[in-house]
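Residue-level structure breakdown
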Amino acid sequence: MTYTILGRCAKTGRLGIGIATYSVTVGRYAHSTRSNAGVTVSQANANENNNAIALRLLAQGLGAQAVLEHLKANDAYHSYRQIGVIDRGGSVAAYTGANVRGWAGEVTGENYISTGNGLRGQHVAEAIAEGFLAEPEGDLEHRLLTALEYGRDAGRQGNATAHRTERSAALQVSSRHIHPDIDLRVDLHDKAVDELRRVWTVYKQYEGYYADRGRNPRGAIGQEAFIASMKEPRP
């Protein structure tokens, strides 16, 4: 039971993933972005090797559909997987195997893939896509979080009679660096999507602080002064 948004910012080329699930440690599956390459996910009965393979192929210049076909050909159990790939140019490829349980599928468009399994219906995937498209001028990470929130509010995981809350969620965004710009995760929380938004809101205040410490450690603001300046201080 997982729902996910993969996205690319058409203006900046930044790439990212937002993911939420009832299971724990979903962040391990969200380490799937690479600057100037693409973003991918393997979920449901996930093959964790897929992300590394896909990112390597994307970095070599293969397109999204070619990467997807390679992953399927390389995996005898691909019918149990749900796979999404966006390449550096914004082309997308998505697949839901016949053996993925519950309602499972995807909604795709230029620069995004909304995908999920064990959902309450197609309307959840459609809502996730709607959330991603709601503020096209917004920062990519905000759009990814909004997409997860739309999916949550549309019914999220479960079936016609019951639903399961999200207990883990993660957000990763990459741009021009060899490391992600943003790499956040929440685990064992009854409202993991809400908590991920809160953590991101606090982290955004740290972005400049961390960058200054790396670029100019001698002149960077001290930690106590920085914390005192925060809107929502955290120890």
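Below, the structure is looked at part by part. Please read these numbers as outputs of a predicted model, since none were measured by experiment. Positions within a chain are numbered from 1, following the residues in the order the chain's sequence is written. Note on the predicted model: pLDDT of at least 70 is required for a residue's local features to be given, and 80 or more for side-chain atom pairs to be given and counted; whole-chain, interface and lining totals, by contrast, use all residues. Excluding hydrogens and water, the side-chain figures rest on all heavy atoms present in the structure.

Comments concerning the sheet that holds strand S4 (residues 38-44)
As a reminder of what qualifies: Paired strands, as defined in this entry, are two strands with at least two bridges between them according to DSSP. Each helix is a run of H or I in the DSSP string that is no shorter than four residues. Each strand is a run of E no shorter than two, and both are numbered from the N terminus.
Read across the open sheet, the four strands follow the order S3-S4-S5-S6; overall the sheet is antiparallel. Sheet topology places strand S3 (33-34) and strand S6 (92-96) at the edges, where each strand pairs with a single neighbour. Judged from the seven bridges that link them, S4 and strand S5 (residues 81-87) form a sheet pairing that is antiparallel. Within S5, the residue paired with Gly-38 across the bridge is Asp-87.

Observations concerning the pairing of strand S7 (residues 103-109)
Here seven bridges tie S7 to strand S8 (residues 112-119), and the two strands are oriented antiparallel to one another. Note that in S8 the partner of Trp-103 across the bridge is Leu-119. Hairpin geometry of S7 and S8 is characterised by an intervening segment of two residues between the two adjacent antiparallel strands and by a positive phi of about 80° at Asn-111.

Focus: the side chain of Asn-50
Here is the rule: Throughout, a contact is declared for two residues whenever any of their heavy atoms are within 4.5 Å.
Assignment of secondary structure puts Asn-50 in helix H1 (residues 49-59). Leave out the neighbours within four places in its chain, and Asn-50 touches Ser-42, Leu-71, Asp-75 and Ile-83.

Here's the deal with the nonpolar core
Nonpolar side chains tend to gather and get buried jointly when the protein is soluble and globular. This is how it is decided: Here the nonpolar core consists of buried residues drawn from Ala, Val, Leu, Ile, Met, Phe, Trp, Tyr and Cys, with membership extended through side-chain atoms lying within 4.5 Å. Throughout this description, buried means an accessible area under 20% of the type-specific maximum (1.4 Å probe, protein chains only), exposed means over 50%, and partly exposed covers the range between.
Core analysis: the largest hydrophobic core is formed by 34 residues, its most contacted members being Ile-5, Leu-171, Leu-196 and Tyr-206. Those elements giving two or more residues to this core turn out to be strand S1 (2-8), S8, helix H3 (122-133), helix H4 (140-153), strand S11 (168-174), strand S12 (182-187), helix H5 (192-215) and helix H6 (223-229). At eight residues, H5 tops the list of elements feeding residues into this core. Dropping the residues within four chain positions of it, Leu-196 is found in contact with Leu-145, Leu-148, Ala-169, Ala-170, Leu-171, Leu-184, Arg-185 and Val-186.

Comments concerning H1
Listed in full, the buried residues belonging to H1 are Asn-50, Asn-51, Ile-53, Ala-54, Leu-55, Leu-57 and Leu-58. Where H1 is buried, its residues touch S3, S4, helix H2 (64-73) and S5. Within two residues after H1, Gly-61 carries a phi angle of roughly 105°, on the positive side.

Points about the pattern of salt bridges
This is how it is decided: We define a salt bridge as a contact between a side-chain nitrogen of Lys or Arg and a carboxyl oxygen of Asp or Glu at a distance within 4 Å.
Applying the stated criterion across every chain, the model contains twelve salt bridges. As a salt-bridge pair, Arg-14 and Asp-181 come within 3.4 Å of each other at their nearest N and O atoms. Placement of the pair is Arg-14 in the loop between S1 and strand S2 (15-21) and Asp-181 in the loop between S11 and S12, with a sequence separation of 167 residues. For the pair Arg-14 and Asp-181, one class covers both residues: buried.

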